[in-house]
Amino acid sequence: MPAKHIDFNIDAAQGFGVYKNERESQLLDYVSSVNISCGFHAGDPLMIKEFLLKCKEKNLTIGAHIGFNDISGLGYRNMSLGSDEIEAIVLYQIGALASFAKSYGMVIDHVRPHGALYKAASEDFDTALAIVSAIKKFDKWMNYTCMDNDILDKVSAETGIVVNREVFADKYYNQDFSFNWESDKYINEEDALNRVRTIMFSSQIKLGNGIFMPVKCDTLHFDTKNPNAVQLLKKAKEIILPTPANYNKAEVSGWV
(Lines give C-alpha, C1' and ligand atoms only; values in the text may rest on other atoms or scores of the structure.)
Protein backbone atom coordinates (compact mmCIF):
# COMPACT_ATOMS: atom_id res chain seq x y z
CA MET A 1 0.00 0.00 0.00
CA PRO A 2 1.20 3.56 -0.62
CA ALA A 3 2.88 5.25 2.33
CA LYS A 4 0.70 8.35 2.03
CA HIS A 5 -1.75 10.16 -0.20
CA ILE A 6 -0.36 12.65 -2.68
CA ASP A 7 -1.74 15.28 -5.02
CA PHE A 8 -1.17 15.27 -8.79
CA ASN A 9 -1.45 18.74 -10.32
CA ILE A 10 -1.36 20.21 -13.81
CA ASP A 11 -1.73 23.68 -15.33
CA ALA A 12 -4.75 24.45 -17.50
CA ALA A 13 -6.12 27.22 -19.72
CA GLN A 14 -2.57 27.71 -20.96
CA GLY A 15 -3.56 29.48 -24.15
CA PHE A 16 -5.85 32.16 -25.53
CA GLY A 17 -8.23 32.50 -28.46
CA VAL A 18 -7.56 29.77 -31.00
CA TYR A 19 -4.28 28.80 -29.32
CA LYS A 20 -5.07 25.83 -27.08
CA ASN A 21 -3.39 22.75 -25.69
CA GLU A 22 -5.96 20.00 -26.26
CA ARG A 23 -3.91 17.67 -24.04
CA GLU A 24 -4.97 19.61 -20.94
CA SER A 25 -8.56 18.34 -21.07
CA GLN A 26 -7.37 14.75 -21.56
CA LEU A 27 -5.34 14.92 -18.35
CA LEU A 28 -8.17 15.92 -16.03
CA ASP A 29 -9.15 12.29 -15.38
CA TYR A 30 -5.76 11.55 -13.83
CA VAL A 31 -5.14 14.49 -11.47
CA SER A 32 -6.61 15.81 -8.24
CA SER A 33 -5.88 19.54 -8.59
CA VAL A 34 -5.71 21.99 -11.49
CA ASN A 35 -3.98 25.36 -11.69
CA ILE A 36 -6.08 27.59 -13.94
CA SER A 37 -4.38 30.47 -15.75
CA CYS A 38 -5.82 33.86 -14.86
CA GLY A 39 -5.37 35.90 -18.03
CA PHE A 40 -1.92 37.45 -17.63
CA HIS A 41 0.45 34.86 -19.10
CA ALA A 42 -2.39 32.78 -20.59
CA GLY A 43 -6.09 32.08 -20.30
CA ASP A 44 -8.93 34.08 -21.80
CA PRO A 45 -12.37 34.42 -20.15
CA LEU A 46 -14.03 31.63 -22.15
CA MET A 47 -11.12 29.28 -21.55
CA ILE A 48 -11.16 30.02 -17.82
CA LYS A 49 -14.89 29.32 -17.66
CA GLU A 50 -14.50 26.11 -19.66
CA PHE A 51 -11.90 24.64 -17.32
CA LEU A 52 -13.67 25.73 -14.16
CA LEU A 53 -16.79 23.87 -15.26
CA LYS A 54 -14.78 20.79 -16.24
CA CYS A 55 -13.07 20.80 -12.84
CA LYS A 56 -16.40 21.18 -11.09
CA GLU A 57 -17.82 18.23 -13.01
CA LYS A 58 -14.86 16.06 -12.01
CA ASN A 59 -14.73 17.35 -8.41
CA LEU A 60 -11.16 18.63 -8.76
CA THR A 61 -9.49 21.18 -6.52
CA ILE A 62 -8.73 24.44 -8.33
CA GLY A 63 -5.90 26.91 -7.92
CA ALA A 64 -5.02 30.28 -9.43
CA HIS A 65 -2.11 29.98 -11.85
CA ILE A 66 -0.49 33.41 -11.73
CA GLY A 67 2.25 34.89 -13.89
CA PHE A 68 3.81 38.04 -15.25
CA ASN A 69 1.69 40.10 -17.66
CA ASP A 70 3.37 38.59 -20.73
CA ILE A 71 0.89 36.70 -22.87
CA SER A 72 3.07 36.93 -25.99
CA GLY A 73 5.94 35.27 -24.13
CA LEU A 74 3.66 32.88 -22.20
CA GLY A 75 5.06 34.29 -18.97
CA TYR A 76 8.53 32.84 -19.45
CA ARG A 77 10.32 36.23 -19.62
CA ASN A 78 11.42 37.73 -16.33
CA MET A 79 10.16 41.16 -15.27
CA SER A 80 11.79 43.32 -12.62
CA LEU A 81 8.90 44.29 -10.35
CA GLY A 82 8.85 45.69 -6.85
CA SER A 83 6.99 44.04 -3.99
CA ASP A 84 4.00 46.38 -4.35
CA GLU A 85 3.74 45.58 -8.06
CA ILE A 86 3.95 41.84 -7.42
CA GLU A 87 1.25 42.06 -4.76
CA ALA A 88 -0.95 44.00 -7.18
CA ILE A 89 -0.64 41.57 -10.09
CA VAL A 90 -1.23 38.59 -7.79
CA LEU A 91 -4.38 40.12 -6.29
CA TYR A 92 -5.62 41.08 -9.75
CA GLN A 93 -5.26 37.56 -11.09
CA ILE A 94 -6.73 35.81 -8.05
CA GLY A 95 -9.67 38.21 -8.24
CA ALA A 96 -10.28 37.42 -11.90
CA LEU A 97 -10.45 33.69 -11.27
CA ALA A 98 -12.40 34.12 -8.02
CA SER A 99 -15.18 36.02 -9.79
CA PHE A 100 -15.72 33.07 -12.13
CA ALA A 101 -15.37 30.53 -9.33
CA LYS A 102 -17.95 32.29 -7.17
CA SER A 103 -20.39 32.35 -10.08
CA TYR A 104 -20.28 28.54 -10.23
CA GLY A 105 -20.22 27.84 -6.50
CA MET A 106 -16.51 27.01 -6.43
CA VAL A 107 -13.69 28.05 -4.12
CA ILE A 108 -10.03 28.63 -5.00
CA ASP A 109 -7.86 26.39 -2.82
CA HIS A 110 -4.35 27.52 -3.69
CA VAL A 111 -2.13 29.81 -5.75
CA ARG A 112 0.75 28.56 -7.91
CA PRO A 113 3.14 30.86 -9.80
CA HIS A 114 4.00 30.20 -13.43
CA GLY A 115 7.14 30.35 -15.55
CA ALA A 116 9.47 33.25 -14.80
CA LEU A 117 7.46 34.22 -11.72
CA TYR A 118 7.74 30.65 -10.40
CA LYS A 119 11.51 30.75 -10.93
CA ALA A 120 11.80 34.12 -9.19
CA ALA A 121 9.67 32.94 -6.27
CA SER A 122 11.84 29.81 -5.96
CA GLU A 123 15.08 31.79 -5.86
CA ASP A 124 14.21 35.11 -4.19
CA PHE A 125 12.62 35.36 -0.75
CA ASP A 126 11.26 38.88 -1.30
CA THR A 127 9.38 37.77 -4.42
CA ALA A 128 7.92 34.78 -2.60
CA LEU A 129 6.98 36.96 0.36
CA ALA A 130 5.21 39.49 -1.90
CA ILE A 131 3.19 36.70 -3.51
CA VAL A 132 2.23 35.21 -0.15
CA SER A 133 1.35 38.65 1.27
CA ALA A 134 -1.12 39.13 -1.57
CA ILE A 135 -2.59 35.66 -1.05
CA LYS A 136 -3.12 36.32 2.67
CA LYS A 137 -4.76 39.67 1.96
CA PHE A 138 -7.24 37.91 -0.29
CA ASP A 139 -7.84 34.84 1.88
CA LYS A 140 -5.67 33.78 4.81
CA TRP A 141 -6.85 30.17 4.42
CA MET A 142 -5.63 29.86 0.84
CA ASN A 143 -2.55 27.70 0.24
CA TYR A 144 0.64 28.53 -1.66
CA THR A 145 2.15 25.97 -4.06
CA CYS A 146 5.78 26.27 -5.10
CA MET A 147 9.05 24.39 -5.35
CA ASP A 148 10.17 22.51 -2.26
CA ASN A 149 13.28 24.35 -1.06
CA ASP A 150 14.62 26.58 1.73
CA ILE A 151 12.78 29.67 0.48
CA LEU A 152 9.45 27.88 0.71
CA ASP A 153 10.32 26.81 4.26
CA LYS A 154 11.28 30.36 5.18
CA VAL A 155 8.19 32.03 3.72
CA SER A 156 5.97 29.48 5.48
CA ALA A 157 7.68 30.12 8.82
CA GLU A 158 7.56 33.90 8.32
CA THR A 159 3.88 34.16 7.36
CA GLY A 160 2.24 31.03 8.72
CA ILE A 161 0.73 30.25 5.32
CA VAL A 162 0.02 26.61 4.48
CA VAL A 163 2.33 25.55 1.66
CA ASN A 164 2.05 22.75 -0.89
CA ARG A 165 5.58 21.44 -1.44
CA GLU A 166 5.90 20.65 -5.12
CA VAL A 167 8.21 18.32 -6.99
CA PHE A 168 8.27 18.04 -10.79
CA ALA A 169 7.41 14.52 -11.89
CA ASP A 170 8.96 14.68 -15.35
CA LYS A 171 11.71 17.32 -15.31
CA TYR A 172 15.44 17.22 -14.59
CA TYR A 173 16.97 18.07 -11.21
CA ASN A 174 20.63 18.80 -10.60
CA GLN A 175 22.72 16.65 -8.28
CA ASP A 176 22.09 19.01 -5.34
CA PHE A 177 18.29 18.88 -5.94
CA SER A 178 18.30 22.37 -7.42
CA PHE A 179 16.06 22.58 -10.46
CA ASN A 180 17.58 22.49 -13.93
CA TRP A 181 15.93 25.61 -15.39
CA GLU A 182 18.02 25.40 -18.54
CA SER A 183 16.67 22.03 -19.66
CA ASP A 184 13.49 21.98 -21.72
CA LYS A 185 13.62 18.19 -21.98
CA TYR A 186 11.76 15.59 -19.95
CA ILE A 187 13.10 12.54 -18.18
CA ASN A 188 11.99 9.29 -19.75
CA GLU A 189 8.77 7.60 -18.70
CA GLU A 190 10.45 4.85 -16.67
CA ASP A 191 12.49 7.35 -14.65
CA ALA A 192 9.42 9.52 -14.06
CA LEU A 193 7.37 6.57 -12.80
CA ASN A 194 10.23 5.49 -10.56
CA ARG A 195 10.31 9.04 -9.19
CA VAL A 196 6.63 8.75 -8.31
CA ARG A 197 7.25 5.41 -6.59
CA THR A 198 10.24 6.53 -4.53
CA ILE A 199 8.49 9.72 -3.42
CA MET A 200 5.35 7.80 -2.49
CA PHE A 201 6.95 4.86 -0.72
CA SER A 202 10.09 6.35 0.81
CA SER A 203 9.83 10.18 0.49
CA GLN A 204 13.04 10.27 -1.53
CA ILE A 205 14.10 11.41 -4.98
CA LYS A 206 16.89 9.97 -7.10
CA LEU A 207 19.37 12.62 -8.24
CA GLY A 208 21.55 12.66 -11.33
CA ASN A 209 24.48 11.08 -9.52
CA GLY A 210 22.36 8.08 -8.52
CA ILE A 211 22.12 9.15 -4.88
CA PHE A 212 18.73 9.10 -3.17
CA MET A 213 17.87 12.25 -1.23
CA PRO A 214 15.01 12.75 1.29
CA VAL A 215 12.35 15.13 -0.02
CA LYS A 216 9.18 16.71 1.30
CA CYS A 217 6.47 16.46 -1.32
CA ASP A 218 2.77 17.24 -1.07
CA THR A 219 2.08 17.53 -4.79
CA LEU A 220 3.62 16.23 -8.01
CA HIS A 221 3.48 18.53 -11.02
CA PHE A 222 3.06 17.04 -14.50
CA ASP A 223 3.84 19.28 -17.47
CA THR A 224 1.02 19.45 -20.02
CA LYS A 225 3.53 20.36 -22.73
CA ASN A 226 5.13 16.92 -22.37
CA PRO A 227 3.96 14.98 -25.48
CA ASN A 228 3.83 11.81 -23.35
CA ALA A 229 1.89 13.43 -20.50
CA VAL A 230 -1.34 11.45 -20.97
CA GLN A 231 0.36 8.06 -20.98
CA LEU A 232 2.66 9.06 -18.11
CA LEU A 233 -0.15 10.32 -15.88
CA LYS A 234 -2.32 7.32 -16.62
CA LYS A 235 0.45 4.97 -15.48
CA ALA A 236 1.37 7.20 -12.53
CA LYS A 237 -2.21 7.11 -11.31
CA GLU A 238 -2.05 3.29 -11.25
CA ILE A 239 0.76 3.56 -8.69
CA ILE A 240 -1.44 5.65 -6.39
CA LEU A 241 -4.24 3.36 -5.26
CA PRO A 242 -7.07 3.96 -5.60
CA THR A 243 -6.51 7.55 -6.76
CA PRO A 244 -4.40 10.66 -6.17
CA ALA A 245 -5.93 12.99 -3.60
CA ASN A 246 -5.49 16.67 -2.86
CA TYR A 247 -3.56 16.47 0.38
CA ASN A 248 -5.33 19.36 2.07
CA LYS A 249 -8.92 18.79 1.04
CA ALA A 250 -9.50 15.13 0.24
CA GLU A 251 -8.86 11.57 1.24
CA VAL A 252 -9.18 8.51 -0.96
CA SER A 253 -12.58 7.81 0.58
CA GLY A 254 -13.98 11.12 -0.65
CA TRP A 255 -13.96 14.85 -0.07
CA VAL A 256 -13.88 16.16 3.48
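Each remark here, short or long, concerns the structure printed above.
Residues numbered from 1 in each chain as written. Predicted model: local features only at pLDDT ≥ 70, side-chain atom pairs only at ≥ 80, totals over all residues. Heavy atoms only, no water.

Q: Any details on the pairing of strand β4 (residues 108-113)? Residues and values, ideally.
A: In terms of burial, β4 is a largely internal element, six of the six residues being buried. As paired elements, strand β3 (residues 61-66) and β4 share five bridges and run parallel to each other. Among the inter-strand pairings, Ala 64 is bridged to a residue of β4, identified as Val 111. As paired strands, β4 and strand β5 (residues 143-147) are joined by two bridges and run parallel to one another. Each residue of the ladder has a partner; that of Val 111, found in β5, is Tyr 144. (Buried < 20%, exposed > 50% of the residue type's maximum accessible area, 1.4 Å probe, protein only. Helix = DSSP H or I, 4+ residues; strand = E, 2+ residues; numbered from the N terminus. Pairing = 2+ DSSP bridges.)

Q: Give me the lowdown on the sheet that holds β4, citing residues and values where you can.
A: Either a parallel or an antiparallel arrangement is found when strands of a sheet pair, and the pairing is made through backbone hydrogen bonds. The strand order β1-β2-β3-β4-β5-β6-β9 describes a closed barrel built from seven strands, whose pairing is parallel. Taking each pair of neighbouring strands and ignoring which way they run, the sheet shows an average axis angle of 30 degrees. Pairing between strand β6 (residues 163-168) and strand β9 (residues 219-221): three bridges, direction parallel. By the bridge assignment, Val 167 is partnered in β9 with Leu 220. The sheet contacts of helix α5 (residues 125-138) involve β3, β4 and β5, and relative to β5 the element is tilted by about 160 degrees. Here helix α6 (residues 150-159) sits on the sheet and contacts β5 and β6; the angle it forms with β6, its principal contact strand, is near 170 degrees. (Axes fitted to C-alpha atoms, helices over the stretch in contact; angles between N-to-C directions. Contact = heavy atoms within 4.5 Å.)

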